[in-house]
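# Summary of structural features
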Amino acid sequence: MKIIIGNDHNGYELKKEIIKYLKDNRYYLEDVGCDSVESVDYPLIAKKVCDEVLTDEDNLGILICGTGIGMSIAANRIKGIRCAKVSTEDEVALSRLHNNANVIAFSGRIDKSLALRFVDKFINTSFSNKERHMKK
Ligand code: RB5
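### Quick word on the site of the ligand
Around the ligand sit Asp8, His9, Asn10, Tyr42, Cys65, Gly66, Thr67, Ile69 and Gly70, and those are all the residues in its vicinity. At 3.1 Å, a backbone N or O of Thr67 approaches an oxygen atom of the ligand. When the ligand sits alone it has 290 Å² of accessible area, and the protein chains cover 68% of it. Split into classes, the residues belonging to the shell around the ligand amount to 3 nonpolar, 5 polar and 1 charged.

Have a look at this one:
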């Protein structure tokens, strides 16, 4: 599993904390986000993350912008991407358990400790009860 992370200028500070956490915990990761608070176009970064997520079904993506909304909209335009815009730990868990989300998006303005809990829950929760949640 590779974790691909992407951020715009509004997600830069939080991205640094998440990368430190992922490295400290020895996750395999790729950072395709911007590396400053200088304004960038977030849809381009969302696409980079999603294209890389789609190279392996075990990959997961993390998107951070001002609200998480723009990144999630951009991500969900891409076939094969199931991006959940999350604000609570429960939403993160359920996005994996029920929706098999392969990408989450959240605001760069949330607390670092909450963001790290999101990341941990996202990585360590699996899709469950496929019969129920994959009915046509
Ligand atoms: C960037 O100006 C801002 O629109 C972006 O960070 C995000 O909040 C979009 O949803």
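### Looking at the layout of surface pockets
Put simply, the largest pocket is a space of about 410 Å³. Along the wall of the largest pocket there are 22 residues; nearest its centre are Glu57, Asp58, Arg82, Arg96 and Asn100.

### Focus on the sheet that holds strand β4 (residues 83-85)
The strand order β2-β1-β3-β5-β4 describes an open sheet built from 5 strands, whose pairing is parallel. Strands with a single pairing partner mark the edges of an open sheet, and in this sheet they are β2 (29-31) and β4. Each strand axis lies, on average, 20° off the axis of its neighbour in the sheet, ignoring direction. In this structure, β4 lies alongside strand β5 (residues 103-107), joined through 3 bridges in parallel fashion.

### Structural notes on helix α4 (residues 89-97)
Taken as a whole, α4 has its buried residues at Val92, Ala93, Ser95 and Arg96. Across the axial projection of α4, the buried residues extend over an arc of 160°, all falling on one side. Where α4 is buried, its residues contact β3 (60-65), β4, β5 and α5 (112-123).

### With respect to the pattern of salt bridges
One pass over the structure, following the stated rule, counts 9 salt bridges. Taken together, the salt bridges that share partners define one network made up of Lys2, Glu30 and Glu52.

What counts, and where the lines are drawn
Residues numbered from 1 in each chain as written. Predicted model: local features only at pLDDT ≥ 70, side-chain atom pairs only at ≥ 80, totals over all residues. Heavy atoms only, no water. Near = heavy atom within 4 Å. Polar contact = N/O pair within 3.5 Å; in protein donor to acceptor, adjacent residues only side chain to side chain. Areas by Shrake-Rupley, 256 points an atom, 1.4 Å probe, with all protein chains shown as cover. Nonpolar A, V, L, I, M, F, W, Y, C, P; charged D, E, K, R; others polar. 1 Å grid on protein atoms, 1.4 Å probe; cavity = no way out; pocket = protein on both sides within 12 Å on 5 of 7 lines; lining within 4 Å. Points joined across faces, edges and corners; volume = space filled by probe spheres on them. Pairing = 2+ DSSP bridges. Helix = DSSP H or I, 4+ residues; strand = E, 2+ residues; numbered from the N terminus. Axes fitted to C-alpha atoms, helices over the stretch in contact; angles between N-to-C directions. Buried < 20%, exposed > 50% of the residue type's maximum accessible area, 1.4 Å probe, protein only. Arc of directions from axis to C-beta. Contact = heavy atoms within 4.5 Å. Salt bridge = Lys/Arg side-chain N within 4 Å of Asp/Glu carboxyl O.

Function-wise, these values are silent; they only describe arrangement.
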